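# Fold and contact review
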Amino acid sequence: MSRLQVVSGKGGTGKTTVAAALALALATEGKRTLLVEVEGRQGIAQLFETEALPYEERKIAVASGGGEVYALAIDAERALLDYLQMFYKLGSAGRALKKLGAIDFATTIAPGLRDVLLTGKACEAVRRRDKKGAYVYDYVVMDAPPTGRITKFLNVNDEVAGLAKFGPIHNQAQAVMRVLKSPETAVHFVTLLEEMPVQETADGVAELRAAELPVGKVLVNMVRPQLLDEEALRAAAGERRTAVAQALSAAGLGGARRGGHAERLVDPLLEQAAEHAQRVELEREQREALAGIGLDTYELPMLGEGLDLAGLYRLAAALRTHLGADRAQGAA
Ligand SMILES: Nc1ncnc2c1ncn2[C@@H]1O[C@H](COP(=O)(O)OP(=O)(O)OP(=O)(O)O)[C@@H](O)[C@H]1O
Ligand SMILES: [Mg+2]
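Values in this document were obtained by computation on a predicted structure and should not be read as measured data.

## Some details on the pairing of strand β5 (residues 139-143)
Among the five residues that make up β5, five are buried, leaving the element largely enclosed by the rest of the structure. Judged by which residues are buried, β5 turns out to be covered on both faces: Y139, V141 and D143 on one side and V140 and M142 on the other are all buried. Strand direction decides the pairing type here: strand β1 (residues 4-9) and β5, joined by four bridges, are parallel. Of the residues in β5, the one forming a bridge with V6 is M142.

## Digging into the nonpolar core
Membership of the largest hydrophobic core comes to 52 residues, with the highest contact counts inside it found for L34, I74, V140, M142 and I150. Aside from chain neighbours lying at most four places away, what touches I74 is V36, E37, V38, Y55, L118, K121 and A122.

## Considering the packing of helix α6 (residues 111-127) against helix α7 (residues 147-154)
It is at 9 Å that the axes of α6 and α7 come closest, and there the two elements cross at 85°. Here α6 is positioned roughly perpendicular relative to α7, judged by the angle of their axes. In contact with D115, L118 and T119 of α6, α7 contributes K152, F153 and L154.

## Quick notes on the site of ligand 1
Taken together, 16 residues sit near ligand 1, with G12, K15, T16, T17 and L303 positioned nearest. Contact distances for ligand 1 include 2.5 Å between an oxygen atom and a side-chain N or O atom of T17. Here P301 contributes a backbone N or O atom positioned 2.9 Å from a nitrogen atom of ligand 1. Taken together, the elements giving at least two residues each to the shell around ligand 1 come down to α1 (15-26) and β7 (215-223). Of all the elements, α1 adds the most residues to the shell around ligand 1, at three residues. Split into classes, the residues belonging to the shell around ligand 1 amount to six nonpolar, eight polar and two charged.

## Observations regarding the packing of aromatic side chains
A complete count under the given rule lists one aromatic pair for this structure. Between Y70 and Y137 the ring centres are 5.9 Å apart and the planes differ by 65°, which places this aromatic pair in the edge-to-face class. In this pair, Y70 sits in strand β4 (residues 68-73) while Y137 sits in the loop between α6 and β5, placing the two residues 67 residues apart along the sequence. Here the basic side chain of R3 rests over the ring of Y135, its NZ or CZ set 3.4 Å away from the ring centre. Positioned above the aromatic ring of Y135, the side-chain terminus of R129 is 4.2 Å from the ring centre.

Parameters at a glance
- Residues numbered from 1 in each chain as written.
- Chains lettered and ligands numbered in written order.
- Predicted model: local features only at pLDDT ≥ 70, side-chain atom pairs only at ≥ 80, totals over all residues.
- Heavy atoms only, no water.
- Buried < 20%, exposed > 50% of the residue type's maximum accessible area, 1.4 Å probe, protein only.
- Helix = DSSP H or I, 4+ residues; strand = E, 2+ residues; numbered from the N terminus.
- Pairing = 2+ DSSP bridges.
- Core = buried A, V, L, I, M, F, W, Y, C linked by side-chain atoms within 4.5 Å.
- Contact = heavy atoms within 4.5 Å.
- Axes fitted to C-alpha atoms, helices over the stretch in contact; angles between N-to-C directions.
- Parallel < 35°, antiparallel > 145°, perpendicular 65-115°, else oblique.
- Near = heavy atom within 4 Å.
- Polar contact = N/O pair within 3.5 Å; in protein donor to acceptor, adjacent residues only side chain to side chain.
- Nonpolar A, V, L, I, M, F, W, Y, C, P; charged D, E, K, R; others polar.
- Phe/Tyr/Trp six-rings, centres within 6.5 Å; stacked < 30°, edge-to-face > 60°.
- Lys NZ or Arg CZ within 6 Å of the ring centre and 35° of its normal.

Structure, rendered in C-alpha cells:
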C-alpha cells in the first residue's frame, strides 16, 4: 500500500468525500493518517463539521479501531514562507516579503512554483520521521485537483523547468518528483457510473501513464443498488403491462379491466421499473468501459442526500472491506 494516496477525479464525483473516507479507512489498528487539501476550499473542515483548518496539522477524527486522522489545508503562500525560511533563514525578512505582497505575487505568476510548494509539503509529510526514526504519518491522503489538471499538478519537474534550472527550487522539484514517481505514491480516480466521468477517467489514466506517474485504482462512487434480478429487469425493460396488471388483479389488487384499479396502479410502477432497467443497462456499459482501462476498481455505495459523518464512516468501512480483500488476495 503506497504511503502517499492521491485522490483525483471529475469535479463533483466525490473526491473530497472519498479522500476523507480513505484517510479514515487507512487509520486502522492505531495507524495515523494525514488528510491534506490543496485547493484552499476548506472542503475537509466542512465534511468533518469543524471550523476552518489553519495551516497546521490537527487531529480531526478518530477512526473505528482507534487510529487517528489529522488534517491540513496546505496553503501555497505559507508553504513558500516556510520554504524561504528553511533555505535562506529568512525569518522577519520573509514576513516583510509577505507584507509587500511579494509572496502572493510569486505564487500567482508562477503556477508551477505554487504546485511544487503544495506537492512538496505533502511529500515532506510522507517522509517526515520522529526522533526514533519512525514515520510520523503511516499514510498521507491528498484531496487533489480534478482529472483535467492532475497530471500537470503532479508533474512539477516539467512545470518548474522554465522557472529554475538549478538551485533550491529545482532541487525541490527533483526531490518531489522522486517521491511522486515511485511506488510510494498511488493516484486514484473517483468516478460515477456515467458516461462523462468514465470518459474523463480513461483520459486521465492515459495522461498519467504517459507522464510515468503511478496510477492506483478506480473508485466508483455513488453506486446504486440493483433492485431487480436479471429476469425482472428484462421484463421491466419490455412491454409487460397487461401481464403485470393481470398478476396484480390475481393478487386481489383491483380488476384487470381497462381503466380499472390495477391498470392505474400498474402504469407508474412499470414506468419506474423501466427507468431502473434502463439505468442498470447504462451502468453495465460504463462498467465495461471501466474494465477496458485495466485497473482494479472499488465500488462505494450511494448514501442518502446530504452525506453526514455517519455516512462518511460507512464509506470508510466499505473501503476497509476492499482493502482487506486486496490484502488477502496479495497473501494468497
Ligand atoms: N457515496 C455517496 N453517497 C451520497 N452522496 C455522496 C457520496 N459521495 C459524495 N456524495 C455527495 O456528493 C457531493 C459532492 O461530493 P464532494 O464534495 O466530495 O465531491 P468533489 O469531487 O470533492 O467535488 P469538487 O469537485 O467540487 O471538489 C457532496 O454533497 C457529497 O456529500
Ligand atoms: Mg472537493
